[in-house]
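Inside the fold
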Amino acid sequence: MRLALPRWTGPLAVKAAVFITVMCCALAALLGVLVHVSVTNQTVGQARDVALSRLGEATEAYEAGDPLRRGAGVDPPGLPERLRELAASGRRGTMVAEHDGRPTMWAAGPADGGRALAVRVDHSQGERTIDGLDGAIVWSSALAIGATLLVGAFAVTRVTRRLHATARVARRISAGDLDARVGDPRAQDPTRPQDEVASVAAALDSMASSLQGKLLAEQRFTADVAHELRTPLTGLHAAAELLPPGRPTELVRDRVAALRTLTEDLLEISRLESGRERLEVDPEALGALAGRVVRGSGTDTRVDLVRDTRVETDRRRLERVLGNLVANAHRHGRAPVVLTVDGPVITVRDHGDGYPEYLLAHGPQRFRTEGGTKGHGLGLTIALGQAEVLGARLEFTNPPGGGALATLTLPQQP
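As recorded in an unreviewed UniProt entry, the protein chain goes by the name histidine kinase, listed as coming from Streptomyces thinghirensis. The Catalytic activity (unreviewed entry) field of the UniProt record for the protein chain holds the comment "ATP + protein L-histidine = ADP + protein N-phospho-L-histidine." Listed in UniProt under the heading Subcellular location (unreviewed entry), the comment for the protein chain reads: "Cell membrane".

**So, empty space enclosed by the protein**
According to the stated counting rule, one finds one cavity of 30 Å³ or more in the structure shown. Around the largest cavity, the lining residues are L325, N328, A329, V348, D350, Y355, A404 and A406. If you tally residues by element for the lining of the largest cavity, the top one is helix α8 (residues 315-332), at three residues. The residue inventory of the lining of the largest cavity, partitioned by class, reads six nonpolar, one polar and one charged.

**Quick notes on the sheet that holds strand β2 (residues 93-99)**
The strand order across the open sheet formed by four strands is β1-β4-β3-β2, and the pairing between neighbours is antiparallel. The open sheet has two edge strands with one neighbour each: β1 (72-74) and β2. Neighbour-to-neighbour, the strand axes of the sheet open up by a mean angle of 30°, direction not taken into account. Where β2 lies against strand β3 (residues 102-110), seven bridges are found, and the strand directions are antiparallel. Pairing of G93 across the sheet is with A108, part of β3. Sheet strands touched by helix α2 (residues 81-88): β2, β3 and β4 (116-122). Its angle to β3, the strand with the most contacts, is close to 15°.

**Considering the packing of α8 against helix α10 (residues 379-390)**
Packed helix pairs are specified by the crossing angle of their axes together with the interaxial distance, meaning the distance between the axes. Running from N to C, α8 and α10 point in directions that differ by 150°, and their axes come no closer than 9 Å. The orientation of α8 with respect to α10, classified from their angle, is roughly antiparallel. When the axes of α8 and α10 are compared, the crossing they make is left-handed. Here R317, L318, R320, V321, N324, L325 and N328 of α8 lie close against α10, whose contacting residues are G379, L380, I382, A383, Q386, A387, V389 and L390. When its residues are assigned to classes, the contact of α8 with α10 shows nine nonpolar, four polar and two charged.

**Section: the side chain of E284**
With respect to the helices and strands, the residue E284 is situated in strand β5 (residues 282-285). Once residues within four sequence positions are removed from consideration, E284 is found in contact with L289, R292, T309, R310, V311, T313 and R315.

**Quick notes on the side chain of T301**
In this fold, T301 is placed in strand β6 (residues 301-307). Side-chain polar atoms of T301 contact the side chain of T299, separated by 2.8 Å. Polar side-chain contacts of T301 include one of 2.6 Å to the side chain of H330. Excluding its chain neighbours within four sequence positions, the residues that come into contact with T301 are V294, V326, H330, V337 and L339.

**Some points on α10**
The terminal C-alpha atoms of α10 lie 16 Å apart, and with twelve residues this matches the ideal 16 Å at 1.5 Å per residue to within 8%. When we look at burial in α10, the residues that qualify are L380, T381, I382, A383, G385, Q386, A387 and L390. Positive backbone phi, approximately 80°, marks G391, located one or two places after α10.

Reading the values: rules and limits
Residues numbered from 1 in each chain as written. Predicted model: local features only at pLDDT ≥ 70, side-chain atom pairs only at ≥ 80, totals over all residues. Heavy atoms only, no water. UniProt positions renumbered as here; feature names shortened; annotations may be inferred. 1 Å grid on protein atoms, 1.4 Å probe; cavity = no way out; pocket = protein on both sides within 12 Å on 5 of 7 lines; lining within 4 Å. Points joined across faces, edges and corners; volume = space filled by probe spheres on them. Helix = DSSP H or I, 4+ residues; strand = E, 2+ residues; numbered from the N terminus. Nonpolar A, V, L, I, M, F, W, Y, C, P; charged D, E, K, R; others polar. Pairing = 2+ DSSP bridges. Axes fitted to C-alpha atoms, helices over the stretch in contact; angles between N-to-C directions. Contact = heavy atoms within 4.5 Å. Parallel < 35°, antiparallel > 145°, perpendicular 65-115°, else oblique. Left-handed = near helix turned anticlockwise from the far one by under 90°. Polar contact = N/O pair within 3.5 Å; in protein donor to acceptor, adjacent residues only side chain to side chain. Expected span 1.5 Å × (residues − 1). Buried < 20%, exposed > 50% of the residue type's maximum accessible area, 1.4 Å probe, protein only.

Here it is, written out as structure tokens:
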């Protein structure tokens, strides 16, 4: 089972700060231990040398029968038992121990009768030196860690700020703003050293430029094809009207009408993708508008008016959206088809097999088909484009009861 980390641990700056802090603490601890051990060994070594030197002097005085100096004696009180046993066995040794509440360096050697000749040296100064050193190590380590963390956070923040800027531009591009560019100064100046963030920014700008060029070329091609088809289709339509009545004539006229509709749809998509569409806003009662759309579609669509309202919108574009949704529901779904008005929210639901998975995941796509099924043509693509011009939100779902559900949420102006 994977451990779930808190959300605040996600940003790169937090991870970098934690990493820098851990590494600084580990390095400070390692250096502190090394310095502590080295100074302690040196201080204790010096005290041991002094104690052994005094033990030598005391041994000479003891063997000569001279009185011993202060701090020296045979089996003195406070002598550590282990050191006493070592001296009784005929060897010399030293040991740091507490004596009268103060740290003391003891040195002991053998004396006659299995006794121990020992001297003591005050070790308080050495302990204070070690304690002071430990305090200095802790404070200097804390200061060094704080300074390193601030410098590291400043450096990482500069990088993350550039990454956030790149991410914002990427989101703008994905939302349709193909003019958005990162414009990283490092990527624009070849004389400056290039880092990974600059490489990512340059790659994103290059991708956006390439994508924009391809989309513009596609839009121009779609518009040019639609415009070029208009003239021959107009002539073909006029010629079809002159044909004698009959079944073949009806088929020709039907196909010519379908081609004219497709051409107009392509022109409409081209205008929507150009981003130059303008609204003609007027107050509209949604209940009456929905009724007009259903009557104009010539379909058996039920209108449910839950709550009527008036909104400021472009009537022609809204009728286009609803008309396409109703037509798509009858063409690709099954009856009953229900158009529901609930305030600024309008839904169109059929009871067919529902929208395909690709449409739910990525939205309507022109002429796309999948698995041999019939595609959704241009109707939903136009509906989505007109909804965006209206400032409305159009969502496609498959409700639990089956069928397909399109939900149009109109903006409400005060």
